[in-house]
Amino acid sequence: TDPLLLQGENGVEGRAVRVGTRRSQLARIQTDSVVTMLRDLYPDLHFEIAVAMSTTGDKILDTALSKIGEKSLFTKELENALERNEVDLVVHSLKDLPTSLPPGFTIGAVCKRENPLDAVVFHPKNCGKTLSLLPEKSVIGTSSLRRAAQLKKKFPQLEFRDIRGNLNTRLKKLDEKEDFSAIILAAAGLKRMGWENRIGQLLGPEDCLYAVGQGALAVEVRAKDQEILTMVSALHDADTVLCCIAERAFMKHLEGGCSVPIAVNTLLKDSQLYLTGAVYSLDGSDSLKETMQTSVNYPHQNEDGPNDDVQHVGITAKNVSSQAQEAAENLGIELANLLLSKGAKHILSVARQLNDAR
């Protein structure tokens with residue numbers, strides 16, 4: 001298709017804006033939702049969705065995610081397309097994006113966060129139960145070390161086993177076989193797929209802290225592409241941005257990736273940002289958890305000039321106060337330092353070694 005000639009004052013005239021997505025149904029739904037928001041904001045622009053890519057993470061389904069290693073599992077192929085100018089922006093789940101992006105890329109928008117909690121989906125025969133009501137030795141499916149570590153500690157009578165595949169595959173495995181009594185998934189994904197009615201139990205922070213960035217969508221763009229960057233920055237949700245900067249800074253400072261159990265919970269209330277962060281051994285027996293807070297009450301000034309594209313843990317948020325972003329990033333670093341001073345490095349390195357050896 002010929003890029004339509006675009007007229008209008010939003011700077012991206014004369015070309016179609018191409019949006020890259022993975023093949024999975026959830027990736028498509030998430031991408032469509034972002035494109036819908038962009039079309040509403042920029043009715044004169046022409047958006048095209050380019051579905052190409054089955055990523056490494058989609059293809060290797062017989063290995064636990066934490067063993068394949070790279071955090072950029074689901075994002076690499078999409079970044080290659082961005083780099084080659086085949087697409088102008090890519091929509092990801094923020095929790096799939098590493099805390100340091102490759103040079104030349106940035107997260108140009110973080111959309112308003114969906115419910116970040118984890119959810120339990122029960123086998124039809126356990127409908128109406130909760131985890132504490134399942135019979136002993138019931139098998140729970142999760143591919144997340146973070147979920148397993150926390151829930152093993154909380155529910156020692158249950159067994160936890162790896163389950164891989166996209167949401168459709170996992171639900172099918174749950175429903176059609178007798179292998180699992182329940183599986184744990186992000187509530188946000190279930191909600192976006194329209195499967196909210198399958199959520200049997202939401203796990204609050206007292207049961208299970210969530211993953212860094214969980215529930216938020218991120219729009220990745222070329223860092224130098226000012227037109228696209230400016231265009232997508234209208235999608236930023238300031239509260240979500242600040243929470244996710246704090247979470248990502250916490251994880252980055254702990255050097256956490258997929259292969260270690262790190263979990264968070266954030267709350268922004270009355271200009272105070274509260275960050276709870278925790279690290280766990282693989283079986284959950286050893287853990288450290290602390291909460292800190294900071295004020296993010298800074299007015300947003302239009303800071304034009306050479307430093308208007310400062311990235312905070314991979315995020316460029318032009319329309320959010322840079323002082324507030326700095327405060328959020330410092331909160332994450334300080335909380336990480338507090339846990340490190342109490343022995344987090346040891347817990348994480350043991351977890352990493354054990355996981356590598358599995």
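Definitions and cut-offs
- Residues numbered from 1 in each chain as written.
- Predicted model: local features only at pLDDT ≥ 70, side-chain atom pairs only at ≥ 80, totals over all residues.
- Heavy atoms only, no water.
- Buried < 20%, exposed > 50% of the residue type's maximum accessible area, 1.4 Å probe, protein only.
- Helix = DSSP H or I, 4+ residues; strand = E, 2+ residues; numbered from the N terminus.
- Pairing = 2+ DSSP bridges.
- Axes fitted to C-alpha atoms, helices over the stretch in contact; angles between N-to-C directions.
- Contact = heavy atoms within 4.5 Å.
- Arc of directions from axis to C-beta.
- Salt bridge = Lys/Arg side-chain N within 4 Å of Asp/Glu carboxyl O.
- pLDDT = per-residue confidence, 0-100.

### A word on the pairing of strand β10 (residues 217-222)
Working step 1: Burial within β10 is extensive, with six of its six residues counted as buried.
Working step 2: Note: strand β3 (residues 89-93) against β10, five bridges, orientation antiparallel. Looking across to β10, one finds that Val91 is bridged to Val219.
Working step 3: The sheet contact formed by strand β4 (residues 105-110) and β10 spans five bridges and is antiparallel. Of the residues in β10, the one forming a bridge with Val110 is Ala218.

### With respect to the sheet that holds strand β9 (residues 199-203)
Working step 1: Read across the open sheet, the five strands follow the order β7-β6-β8-β5-β9; overall the sheet is mixed. The open sheet has two free edges, formed respectively by β7 (159-161) and β9, since each of these has just one partner strand. The average angle at which neighbouring strand axes cross in this sheet is 30 degrees, direction not considered.
Working step 2: In this structure, strand β6 (residues 139-141) lies alongside strand β8 (residues 182-186), joined through two bridges in parallel fashion. By the bridge assignment, Ile140 is partnered in β8 with Ala182.
Working step 3: Its contacts with the sheet place helix α6 (residues 167-176) against β5 (118-122) and β8, and it is angled at close to 160 degrees to β8.

### Topic: helix α4 (residues 76-83)
Working step 1: Along α4, the residues classified as buried are Leu78, Glu79, Ala81 and Leu82. On an axial view of α4, the arc spanned by its buried residues comes to 155 degrees, and they lie on one face.
Working step 2: Just downstream of α4, Asn85 is the residue with a positive phi angle, here 60 degrees.

### Quick look at the pattern of salt bridges
Working step 1: Taken as a whole and judged by the stated rule, the model has 16 salt bridges.
Working step 2: For Arg28, the salt bridge is made with Asp32, and the minimal N-O distance between the two is 3.9 Å. Residue Arg28 and its partner Asp32 are both found in helix α1 (residues 25-41); the two are separated by four residues, about one turn of the helix.
Working step 3: Given a relative accessible area of 31%, Asp32 falls into the partly exposed group.
Working step 4: Salt bridges linked by common partners bring Arg18, Asp88, Arg222 and Asp225 together as one network.

### A look at the confidence of the model for the protein
Working step 1: Mean pLDDT over the protein stands at 88; residues scoring 70 or higher make up 86%.
Working step 2: Note that pLDDT drops below 50 for residues 1-10; the model gives that stretch 22 contacts with residues more than four away or on any other chain.

### Thoughts on the environment of Ser321
Working step 1: When you line up the elements, Ser321 lands in the loop between β13 (287-295) and α10 (322-341).
Working step 2: For Ser321 and Ala238, which are 83 residues apart along the polypeptide, the C-alpha to C-alpha distance reads 8.7 Å.
Working step 3: The residues contacting Ser321, other than those within four sequence positions of it, are Tyr298, Pro299 and His300.

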